[in-house]
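As a plain string of letters, each chain reads:
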Amino acid sequence: MIVPMKKMFMIVQKKDFVSSVEEMRALGVVHVEHNDVLKSDEITAIKDDIQLLEKVIRILENSRSAVEEPKESVECVFEWRDVKEIVIHQMKKIEQLSDNVLKRQGIINRMQKWGDFEPQDIVQLKEKGINISFCEIPVSQKIELKAGVIVEVLSRTGSINNCMVITRGDIKSDYEGIVLPAKSLSHENDSLEKELKNIKRAENELKAQIKCVPALKKKLSEKEEKLVLKEVIVGSKNVGELTLLRGYCPQDACSQIEAKAKEQQWGIHFEEPAEDDKVPTLLKNPKWINIIKPVFDIINVLPGYKEFDVSLVFLVFFALFVGMLVGDAGYGLLVLSIFAGLHVKIAKSKKDVPLAKFMLVYLLCGSAIVWGLLTGTIFGQKWISSTVKPIVPWLLDDKNLQLLCFFIGTIHLSIAHIWNITVKIPSLKALGDLGWLLIIWGMYGVAKLLVLDIPMSTLSIMFLIIGAVFVVFFTRPNKNILKAMGPGVGHILLNGINSFTDVVSYIRLYAVGLATVAVADAANEMSIVWIIVLHTVNLILACLAILVHGIRLNILEFSSNHLSLEWSGFKFNPFKKVQ
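A short tour of the structure in this document, coming up. (Residues numbered from 1 in each chain as written. Predicted model: local features only at pLDDT ≥ 70, side-chain atom pairs only at ≥ 80, totals over all residues. Heavy atoms only, no water.)

### Here we look at the overall build of the protein chain
Counting its regular elements, the protein chain contains 19 helices and 8 strands. Its C-alpha atoms give the protein chain a radius of gyration of 36 Å, clearly above 25 Å, the size a compact globule of 579 residues would have. Projecting the C-alpha coordinates of the protein chain onto the three principal axes gives extents of approximately 110 × 80 × 55 Å. For the protein chain, buried positions account for 42% of its 579 residues. Of the contacts formed within the protein chain by residues at least 6 apart in sequence, a portion of 78% connects residues at least 24 apart. Per element, the accessible surface of the protein chain, about 32,300 Å² overall, is 60% carbon and sulfur. (Helix = DSSP H or I, 4+ residues; strand = E, 2+ residues; numbered from the N terminus. Rg over C-alpha atoms; globule rule 2.2 N^0.38 Å. Buried < 20%, exposed > 50% of the residue type's maximum accessible area, 1.4 Å probe, protein only. Contact = heavy atoms within 4.5 Å. Areas by Shrake-Rupley, 256 points an atom, 1.4 Å probe, with all protein chains shown as cover.)

Here it is in C-alpha cells:
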C-alpha cells in the first residue's frame, strides 16, 4: 500500500537550527522539501568533490582484477586528494599512451609490407644521385621498364604488388610514389614496446591505489551526507530570528517527531497534504509482495501519492505472463539452477544477498516450469511428445489458448475498472466505470467473434449496450442530461475501439509463447552445436519478450489505459544518517 503522509512544519530559533537539523536527521523519518534555490559556493565545492571521488572510485574498480576485496587503508582516508592526483594523472597517462599505441600500430601495419630500412639511408643515396621511391602496382598491370629504371617487388598484399623503384640522376619513373614515415620499422617497433611498458607501469601504479577504494567510498559517503545536510540548511526559510523546515513524514511517525520536538523545544505542526503538494511516495507491502519492487526499479516507475499501489496485481499477472511467454519447463529449470547456484555462492561469501531479487527469479522460473508441464514443453515439445504428456491437453489447441488469452486480458482489465468503481462510490461517476467494465466484457465477445469466429452471445450484446448508456450519462454526471451526454459520447468515441484492441492485445501471450516452442523444436532437429546456440538465443529472446510484453501489459494496458495510473510518483527519501 501507499503509506499515508503528513505535511510537517518545524520552526526553531535560527541559532539552534543546525543542531536541530542534526537531531531531525537522527530520527530519519522526514522527507525534506526545500524552500529556496539550492545555490552556495560550499554546495558547489562539495558536489565537485563528490564527482571527483566517484570518478576515482570508478577508475580504480575498473582496474581491479578478480581478487579479494581490499582491506581499508587508514592513510587514504585523510589523503584522498593525493590519491585522486595519482589516479587521475596515471589514467590520463594511460589514455594518452593508448592513443599513441593505436597510431603507432597503424604506422607499423603500413610499413611492414615495405620491410625494415633506415629512411636516412635513402636520403644519403639521393645525395649521391640514386633515387629510391616506393609505389603500389596492381598485379594485373604489367610492369614496363625503361632505361635507367629498376623495379623490385618487395611483397604482395592481395591484388597489389608493393614495389621499390630505383632511378639514377634525372631519370623519372612512370610510377607515382607514396610517402612513408620518417622513422624505420625497427624504430617504430621499439617505440611501441616502450609505450606498452609505460602503460603497464601506469596500470601497476593504479592497482597500487586499489587498497584505498574502501576508504574512498567512506569519504564519498561522508561527502554525500554533508551535501544533503548543507542543502537542508541552505534550502530552509529564515524569517527574522526563526528558521522554518518543511517536509513530509509517514503518518505513524508523527508521534515520534512530536516527542523529539517536545524534548528539543521545537515548534511542530502537521497537516494533510494539499491537492497541489508534491508528496513523495512510500510503498509498504508484505515481503512476499515486495519481491516485485526490483521490476519497478528496473523500469524506473513509481505510482503517485494519490494513485494506486498495483504491486499485488502486477506481481500475480506478471508471473502468469512470464509463464506463458517462456512456456518451457526446461528453460525455467535451467535459469532456476543458475540463480540457485549464484545464490549459494553469494551466501557462502558472506555478502549481503539481494533476497527479493532471487525470490522474484524463483517465482518467475516456477511459473515457466508449471506452464511447461501443463503444456508438455521441456526444451521444446516434439522430441518428448511420445513419452511426456501435457497435464492439460486442452492448452495445446491454438483456438483454446487464444480464447484463454482473451479471457485473461478481460479479467485483468476488469480488475482496473472494479478498482475505479470502489474508489468512486458513492459518486455517480462510479456508474461510468461500471459502464466501461460492461463494455470490456462485451468486447470479449467481439474478440471471440472476429478472431475465433465464435458467435456473440446475447449477454455480450447487452453488456455493450448497457455499458455504453452508463458511460454516456455517468462519465460526468449532470442534472442537465444534454450536458452529461457530451463528455460521455466523447469517451465512447475515443476509447471504445481502444477497449477492443486492449483485449485483443493479450493474444501476444499466445503468439510469443508459440514462437518460443517453435524455435526450440527447430533447434532440436539440428546438430549439437546448433542445438546449444539456438536454445541459448531462444532463451535470450524469451527474456526480452518478458521485458517488452509482460511489462507492457501491466504498465500500459492495465495501469495506464484502464486504471488511469500516470506513474507520476517520486521516491520518499528521508533525511537520515547513512553511516
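Further notes follow.
### What to know about the packing of aromatic side chains
Throughout the structure, instances matching the rule amount to 15 aromatic pairs. Between F117 and F134, the ring centres sit 5.1 Å apart and the planes meet at 15°, which makes this aromatic pair stacked. With F117 in the loop between helix 4 (80-111) and helix 5 (119-127) and F134 in strand 3 (residues 130-138), this residue pair connects regions lying 17 residues apart in the sequence. Through a chain of ring-to-ring contacts, the aromatic side chains of F296, F314, F318 and W567 assemble into a single cluster. (Phe/Tyr/Trp six-rings, centres within 6.5 Å; stacked < 30°, edge-to-face > 60°.)

### Looking at the side chain of E307
Looking at where E307 falls in the secondary structure, it is placed in the loop between helix 10 (293-299) and helix 11 (311-326). Although E307 is buried, it forms no salt bridge, and the closest oppositely charged side chain is K306 at an N-O distance of 11 Å. Separated by 2.7 Å, the side chain of E307 and the backbone nitrogen of G304 make a polar contact. From its side chain, E307 meets the backbone nitrogen of W567 in a polar contact 3.2 Å long. (Lys, Arg positive; Asp, Glu negative; His and termini not counted. Salt bridge = Lys/Arg side-chain N within 4 Å of Asp/Glu carboxyl O. Polar contact = N/O pair within 3.5 Å; in protein donor to acceptor, adjacent residues only side chain to side chain.)

### Digging into the nonpolar core
Of all hydrophobic cores here, the largest spans 61 residues; its most connected members are I292, V310, F314, F318, F321 and L509. In terms of residue count, the dominant contributor to this core is helix 11 (11 residues). Ignoring any residue separated from it by four or fewer positions in sequence, one finds F321 in contact with I408, H412, Y506, L509, G550, L553 and N554. (Core = buried A, V, L, I, M, F, W, Y, C linked by side-chain atoms within 4.5 Å.)

### Quick notes on the sheet that holds strand 3
Think of a sheet as strands paired side by side through backbone hydrogen bonds, with each pair either parallel or antiparallel. Overall, antiparallel pairing links the 3 strands, which are arranged 3-5-4 in an open sheet. Whereas interior strands pair on both sides, the edge strands pair on one side only; in this sheet they are strand 3 and strand 4 (149-157). Sheet twist, expressed as the average angle between the axes of neighbouring strands with direction ignored, equals 25°. Summarising the sheet, strand 4 and strand 5 (residues 160-168) pair through 8 bridges and their orientation is antiparallel. Bridge pairing links V151 to V165 in strand 5. (Pairing = 2+ DSSP bridges. Axes fitted to C-alpha atoms, helices over the stretch in contact; angles between N-to-C directions.)

### Re the environment of F321
Note that F321 resides in helix 11. The exposure class of F321 is buried, given its relative accessible area of 0%. Distance from F321 to C405, taken between C-alpha atoms, is 9.8 Å for residues 84 residues apart in sequence.

### Here's the deal with a nonpolar patch on the surface
Taken together, the side chains of M526, I528, V529, W530, I532, V533, V537, I540, L541, L544, L547 and V548 present a nonpolar region at the surface, about 1,100 Å² in accessible area. Looking at the element boundaries, M526 is found in the loop between helix 18 (508-523) and helix 19 (528-562). (Patch = residues over 30% accessible without salt bridge, like charges linked within 9 Å, V, L, I, M, F, W, Y side chains within 5 Å.)

### Regarding the pattern of salt bridges
Summed over the entire model, instances satisfying the criterion amount to 22 salt bridges. In this structure, K7 engages D277 in a salt bridge whose closest nitrogen and oxygen atoms are separated by 3.1 Å. With K7 in strand 1 (residues 5-13) and D277 in the loop between strand 8 (267-271) and helix 9 (287-290), this pair connects stretches of sequence that are 270 residues apart. Across the pair, exposure class does not vary: K7 and D277 are buried alike. The shortest N-O distance in the salt bridge between K84 and E85 comes to 2.7 Å. Of the residues examined, K84 reaches a relative accessible area of 12% and is grouped as buried. E85 gets classed as partly exposed once you look at its relative accessible area, which sits at 48%. Through salt bridges with shared partners, one network takes in E23, K260 and E263.

### Quick look at the state of the cysteines
Per the stated rule, a full pass over the model turns up 0 disulfides. The thiol sulfur of C163 is not disulfide-bonded, and the nearest other cysteine sulfur, from C135, lies at 5.2 Å. Unpaired in this structure, C543 has its nearest cysteine sulfur neighbour in C365, at a distance of 8.7 Å. (Disulfide = S-S within 2.5 Å.)

### Notes on the environment of V179
Here V179 is to be found in the loop between strand 5 and helix 6 (185-208). Along the primary structure V179 and V322 are separated by 143 residues, whereas in three dimensions their C-alpha atoms are 63 Å apart.

### Considering helix 6
In an α-helix there are 3.6 residues to a turn, and that puts residues three or four apart on one side. Compared with the 34 Å implied by 1.5 Å per residue over 24 residues, the 35 Å span of helix 6 between its first and last C-alpha is a close match. Taken together, the buried positions of helix 6 are L185, E188, S191, L192, E195, I199, A202 and L206. Here the buried face of helix 6 lies against helix 2 (41-63) and helix 4. (Expected span 1.5 Å × (residues − 1).)

### Notes on the packing of helix 14 (residues 398-424) against helix 19
Between two packed helices, what matters for the description is the angle formed by their axes and the separation of those axes. Running from N to C, helix 14 and helix 19 point in directions that differ by 35°, and their axes come no closer than 9 Å. Helix-helix and strand crossings are classified by hand; for helix 14 and helix 19 the assignment is right-handed. Here H412, L413, I415, A416, H417, W419 and N420 of helix 14 come into contact with helix 19, specifically with L553, N554, E557, F558 and H562. Residues belonging to the contact of helix 14 with helix 19 are distributed by class as follows: 6 nonpolar, 5 polar and 1 charged. (Left-handed = near helix turned anticlockwise from the far one by under 90°. Nonpolar A, V, L, I, M, F, W, Y, C, P; charged D, E, K, R; others polar.)

### Examining the packing of helix 18 against helix 19
The interhelical angle for the contact between helix 18 and helix 19, taken along N-to-C directions, is 175°, at an axis separation of 9 Å. The orientation of helix 18 relative to helix 19 falls into the category roughly antiparallel. In this structure, helix 18 contributes R508, L509, V512, T516, V519, A520 and A523 to the contact, and helix 19 contributes I531, L534, H535, N538, A545, H549, R552, L553 and E557. For the contact of helix 18 with helix 19, the per-class residue count stands at 9 nonpolar, 4 polar and 3 charged. (Parallel < 35°, antiparallel > 145°, perpendicular 65-115°, else oblique.)

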